[in-house]
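So you can see what is in the structure, the chains are spelled out below.
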Amino acid sequence: MDFSDLDLFDRKILNVLAEDGRISIADLARRIGLSKSPTQTRLRRLECAGVITGYRALIDPIRLGLDHVAFVEVKLDDTRESALSKFNAAVVKLPEIEQAHMMASHFDYLLKVRTRSMSAYRQVLGEKISSLPHVASTSTYVAMQAVKEDAVMTPV
């Protein structure tokens, strides 16, 4: 299932759930303009098709003291598939790395790293990121303020 398979009601379901994943089926049905049974059927279909991958709480990292955000460009010394797989598998295990993206650029990966402080970041960079498989070099960009951080983009 992809975007072209979604009709207006499916997109409405996704929009409402993106705002409130804990909404009851009855309230969801009312909000999208369908009765409860077809809404529930559509919801199950979206879950089974993998369009909805799960439900979770959105936690404010700032309130947890995790207000230092750095973006790290990573260049690898080897970009063959086996090296990329080793790097990817190691990155997934580091909780400080919120996001990791393979890039088509002059560097290979862009990581979003969240820590409590600059000194905590320096430790993560020196002891964890720099020792990931095939890391040749890194460059760090520290974020001063998040202007927009949406957890999900909802289809219209």
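As the structure is a prediction and not an experimental result, all values here were calculated from the model. (Residues numbered from 1 in each chain as written. Predicted model: local features only at pLDDT ≥ 70, side-chain atom pairs only at ≥ 80, totals over all residues. Heavy atoms only, no water.)

Attention now goes to the sheet that holds strand 3 (residues 109–115). Across a sheet, paired strands are connected by hydrogen bonds in the backbone, their directions being either parallel or antiparallel. One open sheet accounts for four strands, arranged 2-3-1-4; its pairing is antiparallel. Two strands in the sheet have a free side with no partner beyond their single neighbour: strand 2 (97–102) and strand 4 (135–142). Each neighbouring strand pair of the sheet contributes to a mean axis angle of 20°, computed without reference to strand direction. Helix 5 (residues 118–129) contacts strand 1 (68–76), strand 2, strand 3 and strand 4 of the sheet and is inclined by roughly 135° relative to strand 3. (Pairing = 2+ DSSP bridges. Helix = DSSP H or I, 4+ residues; strand = E, 2+ residues; numbered from the N terminus. Axes fitted to C-alpha atoms, helices over the stretch in contact; angles between N-to-C directions. Contact = heavy atoms within 4.5 Å.)

Each packed pair of helices is defined by two parameters, the angle between the axes and the distance between the axes. Running from N to C, helix 1 (residues 8–19) and helix 3 (residues 36–48) point in directions that differ by 80°, and their axes come no closer than 10 Å. Overall, the two elements helix 1 and helix 3 adopt an arrangement that is roughly perpendicular. Residues Phe-9, Asp-10, Ile-13, Leu-14 and Leu-17 of helix 1 form the contact with helix 3, whose own contacting residues are Thr-39, Arg-42, Leu-43, Arg-45 and Leu-46. For the contact of helix 1 with helix 3, the residue count by class is six nonpolar, one polar and three charged. (Parallel < 35°, antiparallel > 145°, perpendicular 65-115°, else oblique. Nonpolar A, V, L, I, M, F, W, Y, C, P; charged D, E, K, R; others polar.)

With respect to the secondary-structure elements, Met-118 resides in helix 5. Look at Met-118 and you get partly exposed, because its relative accessible area is 41%. In this view, Met-118 contacts His-68 and Val-142; residues no more than four positions away in its chain are not counted. (Buried < 20%, exposed > 50% of the residue type's maximum accessible area, 1.4 Å probe, protein only.)

On the secondary structure map, Asp-108 appears in the loop between strand 2 and strand 3. At 8.0 Å, Lys-75 is the nearest oppositely charged side chain to Asp-108, a buried residue that forms no salt bridge. There is a polar contact of 2.7 Å between the side chain of Asp-108 and the backbone nitrogen of Leu-76. Excluding its chain neighbours within four sequence positions, the residues that come into contact with Asp-108 are Val-74, Lys-75, Leu-76, Thr-79, His-101, Met-102 and Met-103. (Lys, Arg positive; Asp, Glu negative; His and termini not counted. Salt bridge = Lys/Arg side-chain N within 4 Å of Asp/Glu carboxyl O. Polar contact = N/O pair within 3.5 Å; in protein donor to acceptor, adjacent residues only side chain to side chain.)

So, on to the side chain of Asp-78. By secondary structure assignment, the location of Asp-78 is in the loop between strand 1 and helix 4 (81–92). Taking relative accessible area as the criterion, Asp-78 reaches 13% and is therefore assigned buried. A polar side-chain atom of Asp-78 sits 2.8 Å from a polar atom in the side chain of Arg-80.

The next subject is the nonpolar core. In this structure, Val-74, Phe-87, Leu-111, Val-113, Ile-129 and Leu-132 are the most contacted members of the largest nonpolar core, which totals 19 residues. Those elements giving two or more residues to this core turn out to be strand 1, helix 4, strand 3 and helix 5. Setting aside anything within four residues of it in sequence, one finds Ile-129 in contact with Ile-97, Leu-111, Val-113, Val-124, Val-135 and Thr-138. (Core = buried A, V, L, I, M, F, W, Y, C linked by side-chain atoms within 4.5 Å.)

Before going further, it helps to examine helix 5. Listed in full, the buried residues belonging to helix 5 are Tyr-121, Val-124, Leu-125 and Ile-129. Angular distribution of buried residues about the axis of helix 5 spans 95°; they occupy a single face of the element. Away from its buried face by more than 90 degrees, helix 5 exposes Ser-119, Arg-122 and Glu-127. Packing partners of the buried residues in helix 5 comprise strand 1, strand 2, strand 3 and strand 4. (Arc of directions from axis to C-beta.)

Turning our attention to helix 2 (residues 25–32). Residues of helix 2 that are buried: Ile-25, Leu-28, Ala-29 and Ile-32. One face of helix 2 carries all of its buried residues, which in axial projection span an arc of 100°. On the buried face of helix 2, the contacting elements are helix 1 and helix 3. Looking one or two residues beyond helix 2, the residue adopting positive phi is Gly-33, at roughly 85°.

By themselves, these figures tell us nothing about what the structure is for.
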